[in-house]
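Descriptive structure summary
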Number of protein chains: 2
Amino acid sequence: MATEIIFGHLEDVSVGDSFVNYKAMNKVGVHRSSMGGISGRAKDGADSVVISGGYENDSDQGDVIVYTGQGGRNKGGKHDKDQTLTLGNAALVQNLLNAQPVRVIRGEDRKNSFAPASGYRYDGLYRVESYWSEKRVDGFAIWRFRLEQLVATNTIPQPIKKSSKKAIPLGNPSPERVETTVQRVVRDSALSKSLKLHYQHLCQVCDTTIETNSGPYAEAAHITPLGAPHNGPDIWENILCLCPNHHVMFDLGVFSVADDLSLLGITGLITTEEGHAPSLVHLEYHRNHYYKKLIQPLDKG
Amino acid sequence: MATEIIFGHLEDVSVGDSFVNYKAMNKVGVHRSSMGGISGRAKDGADSVVISGGYENDSDQGDVIVYTGQGGRNKGGKHDKDQTLTLGNAALVQNLLNAQPVRVIRGEDRKNSFAPASGYRYDGLYRVESYWSEKRVDGFAIWRFRLEQLVATNTIPQPIKKSSKKAIPLGNPSPERVETTVQRVVRDSALSKSLKLHYQHLCQVCDTTIETNSGPYAEAAHITPLGAPHNGPDIWENILCLCPNHHVMFDLGVFSVADDLSLLGITGLITTEEGHAPSLVHLEYHRNHYYKKLIQPLDKG
DNA sequence: ACCATCGCCGTG
DNA sequence: CACGGCGATGGT
């Protein structure tokens, strides 16, 4: 049955605590994998990841980390196949689907100003904000995960006291011992409102709107996401007006949009109003990076 | 045409800047109302609010503020009617619907440890996370808004430089001059996953699920919200398994649930699986505080 | 039981 | 400092 997976902070480990090597982390359980960068199970989610600068493309801006998945290498360490959404990669996807936090541990890395000078350091909880695939220059696909630091907004009174051990006795019937509250995040830019008005808050996929007593509700979905590493622009051509359901589906790659605005993955098409034409460049970006069905598991050999 | 509403930070005002009085704030535009605590328009949203300790029930925890709406008083300042969702209150609702940030300014208040010693201080951007109604002891209804501080997660490279004025020349076609990115947030607790599994990720309202390539997706909605001032418990009886659309509708009070589990506001009923019974106490809490149609505008006299 | 892995400690 | 071999542990 293996050891217990615990999401969130641990009782005996504080943010900033240092460890000399993997074995020390294994001992206290802050990272339970003996060699791997991702600790967790494909079905349940990842409880921790280690960032050691092993992947040249990884980016670390402190509160935002772009983390590359595992796999795709042969025994010699050379990339010789696509990464797949299995093992640790699949676990990180579960974190996104279930809004589970992941502990982030930074390992020594001279090239990373956020990394410790030596050993490993527990740097707190992050959410898996999104994931997508990229093609390396050698043509092999990798999966990447955007991690965002969870700042403890005052939600549940935190029972954790550094001074006293044996805290967190909430006594609820949770399968996990530690109380965690994570967030799904929907970004909305300055331009969102005008586009939603243009569409009268009707979803461009299903033509429905949510009527509240204070006006209609819809969400603006950026086709190429804002922020690193995508750096999509905040312009009308890069935004769709969607209901929450189709927004989630779009961000998770359940469906995408072809150049003729027909839908891929589900039936239907994107309806447009005069004055708004989604950019073909950005639609292609979404298809290539987010539309999962285009990424087939590679045949052996 | 009135003066221009600008959401987000202003070019010439930094977080922490102080002002001696309302006139000084009016002059630079950080707060454009000459007397009111809420600046903005009912149709467009609120660009700023002032917290001065005028409402005894207001709570300020720094990153989370519970702000009481305006109105309900006669000329003498005494409460003699219900507050309505008009004027500034309606404006704050728009901020929630459109994920627009609101500038928070704290005024002198000895009882508030986060308030400045004198005058007014610009304390940065907050999101309107939720709103609900409460009944005062005298029986009159008030509207309350939970504001959460926006921490600048690294999304768009910030063009704002304190040193140089005249920054932010993004040159995009936005009706606003300042680039802002706000987030709608969906909390998900440690218990959410088990309940969603119990319902096989089917929405308890519409019986649909969102199938991704990596598993089904649903959201857990707390009936009485977690966190101050509601402090709902993180237990199964206080959670519903919903699709994103119905989650938004539930949180915005578009519908609520009667004791017999029939829906109010929309047709249908909550389906339950054996082993899960929503708490009647919490359903009543939601009806009383979130289900807007129970709150009728009071007749004159 | 087998497998995969952002380690670890040697040599050049 | 690069590279290669050894290698333990949890996941499948």
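Here the structure is a predicted model, which means the values were calculated and not measured.

How each quantity is defined
- Residues numbered from 1 in each chain as written.
- Chains lettered and ligands numbered in written order.
- Predicted model: local features only at pLDDT ≥ 70, side-chain atom pairs only at ≥ 80, totals over all residues.
- Heavy atoms only, no water.
- Near = heavy atom within 4 Å.
- Polar contact = N/O pair within 3.5 Å; in protein donor to acceptor, adjacent residues only side chain to side chain.
- Nonpolar A, V, L, I, M, F, W, Y, C, P; charged D, E, K, R; others polar.
- Domains from an automatic or database assignment.
- Buried area = accessible area lost by both parts, 1.4 Å probe.
- Salt bridge = Lys/Arg side-chain N within 4 Å of Asp/Glu carboxyl O.
- Helix = DSSP H or I, 4+ residues; strand = E, 2+ residues; numbered from the N terminus.
- Buried < 20%, exposed > 50% of the residue type's maximum accessible area, 1.4 Å probe, protein only.

The next thing to look at is the protein's contact with DNA strand C. Residue and element names in this part refer to chain A. For DNA strand C, the set of nearby residues contains 16 residues, the closest of which are N21, Y22, Y55, D58 and G71. Of all atoms in DNA strand C that approach within 4 Å of the protein, 49% are sugar or phosphate atoms. S52 places a polar main-chain atom, nitrogen or oxygen, 2.9 Å from a base oxygen of DNA strand C. One nitrogen or oxygen atom from the main chain of G54 is found 3.2 Å from a base oxygen belonging to DNA strand C. Its residues assigned to classes, the surface near DNA strand C comprises six nonpolar, nine polar and one charged.

All names here are of chain A. On domain assignment, one finds that chain A holds domain 1 (17-149) and domain 2 (190-290). Spacing between the C-alpha centres of domain 1 and domain 2 amounts to 30 Å. Approximately 720 Å² of surface area, both sides summed, lies buried where domain 1 meets domain 2, with 58% of it carried by carbon and sulfur atoms. Taken together, domain 1 and domain 2 are joined by zero salt bridges. For the pair domain 1 and domain 2, the interface holds two residue pairs in polar contact (both at pLDDT 80 or more). Elements supplying a minimum of two residues to the side of domain 1 that touches domain 2: α2 (87-97) and β7 (120-135). Residue contributions to the side of domain 1 that touches domain 2 peak at five residues, all from β7. Classifying every residue of the side of domain 1 that touches domain 2 by side-chain character gives five nonpolar, three polar and two charged.

Counting buried positions along α2 of chain A gives 10 out of 11 residues, so the element sits mostly inside the fold. Looking at the residues trailing α2 of chain A, positive phi occurs at A99 of chain A, about 50 degrees.

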